[in-house]
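# Coordinate analysis (summary)
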Amino acid sequence: MTRTFTIILAIAALGGAATAAEKLQMKDLPPAVQKTVAQEQTKGAEIKGLAKETANGKTSYEVETMVKGKHRDFLVDAKGAVTEVEEETALDSVPAAAKAAIQKKVADGKITMVETMTRGGATFYEAAYTSKAGKKLEVLVKPDGTETKD
């Protein structure tokens, strides 16, 4: 949760002004967002957290879930459309070029989590890791292994 929130906030800050997220309960969500969250996106999942975020004048809702012991987080816009999904995955399921790029970046560090991120029809792979020096870092790559910030 904290890691994902930090990433989203950092991405938003790079793209423009961002405001702090506001923690919510299901009843606080707009009806269209409630429908998406409760009826469409969380079947078989445990909701771990809900937050409202505003970036570049646009409001979105972050939903953190656990599905069969794996993280699955997603963003929903104010109209109830899912705009981004992050799903925990195994490094071995990542395309070879992306896996190689992640391993090269991590080097002697330790990978703590790998996620498949889908946004706007594009797929990315994100790895959270701890460097050899103990610093917590992340890397985001395209399927072809190209590192990207967004």
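Here is a short report on the structure shown in this document. Computed from a prediction, not measured in an experiment: that's the story for all the values here.

With that settled, consider unusual backbone geometry. Unusually for a residue other than glycine, N56 sits at a positive phi of about 55 degrees. With respect to the helices, strands and loops of the structure, N56 is situated in the loop between β2 (45–55) and β3 (58–67). The phi angle at K68 is positive, at roughly 50 degrees, despite the residue not being glycine. Along the chain, the position of K68 falls in the loop between β3 and β4 (70–77).

It is worth spelling out the environment of V63 at this point. Relative to the helices and strands, V63 resides in strand β3. When sequence neighbours within four positions are dropped, the list of residues in contact with V63 reads V37, T42, G49, L50, R72, D73 and F74.

On to helix α2 (residues 31–41), then. Those residues of α2 not exposed but buried are V33, T36 and V37. Angular distribution of buried residues about the axis of α2 spans 90 degrees; they occupy a single face of the element. At its buried positions, α2 is contacted by β2, β3, β4 and β5 (82–89).

Here the focus is the sheet that holds strand β6 (residues 110–119). Overall, antiparallel pairing links the 8 strands, which are arranged β1-β2-β3-β4-β5-β6-β7-β8 in an open sheet. The open sheet terminates on both sides in strands that have one partner only, identified here as β1 (22–23) and β8 (136–141). Sitting on the sheet, α2 touches β2, β3, β4 and β5, and the angle it makes with β4 is about 150 degrees.

Moving on, we come to the pattern of salt bridges. Evaluated as defined, the whole model comprises 6 salt bridges. A salt bridge links D28 to K27; its shortest N-O distance comes to 3.5 Å. The partly exposed category is assigned to D28, whose relative accessible area is 39%.

With 12 residues, the main nonpolar core is built from L91, V94, A98, A101, I102, V106, V114, Y125, A127, Y129, V139 and V141. For this core, the elements supplying multiple residues, two or more each, are α3 (96–106), β7 (122–130) and β8. Looking at this core, the element that brings in the most residues is α3, giving 4 residues. Setting aside anything within four residues of it in sequence, one finds L91 in contact with K99, I102, Q103, I111 and V114. Among the nonpolar cores identified, the runner-up in size contains 10 residues, and L24, V33, V76 and V85 belong to it.

Rules and cut-offs
- Residues numbered from 1 in each chain as written.
- Predicted model: local features only at pLDDT ≥ 70, side-chain atom pairs only at ≥ 80, totals over all residues.
- Heavy atoms only, no water.
- Helix = DSSP H or I, 4+ residues; strand = E, 2+ residues; numbered from the N terminus.
- Contact = heavy atoms within 4.5 Å.
- Buried < 20%, exposed > 50% of the residue type's maximum accessible area, 1.4 Å probe, protein only.
- Arc of directions from axis to C-beta.
- Pairing = 2+ DSSP bridges.
- Axes fitted to C-alpha atoms, helices over the stretch in contact; angles between N-to-C directions.
- Salt bridge = Lys/Arg side-chain N within 4 Å of Asp/Glu carboxyl O.
- Core = buried A, V, L, I, M, F, W, Y, C linked by side-chain atoms within 4.5 Å.

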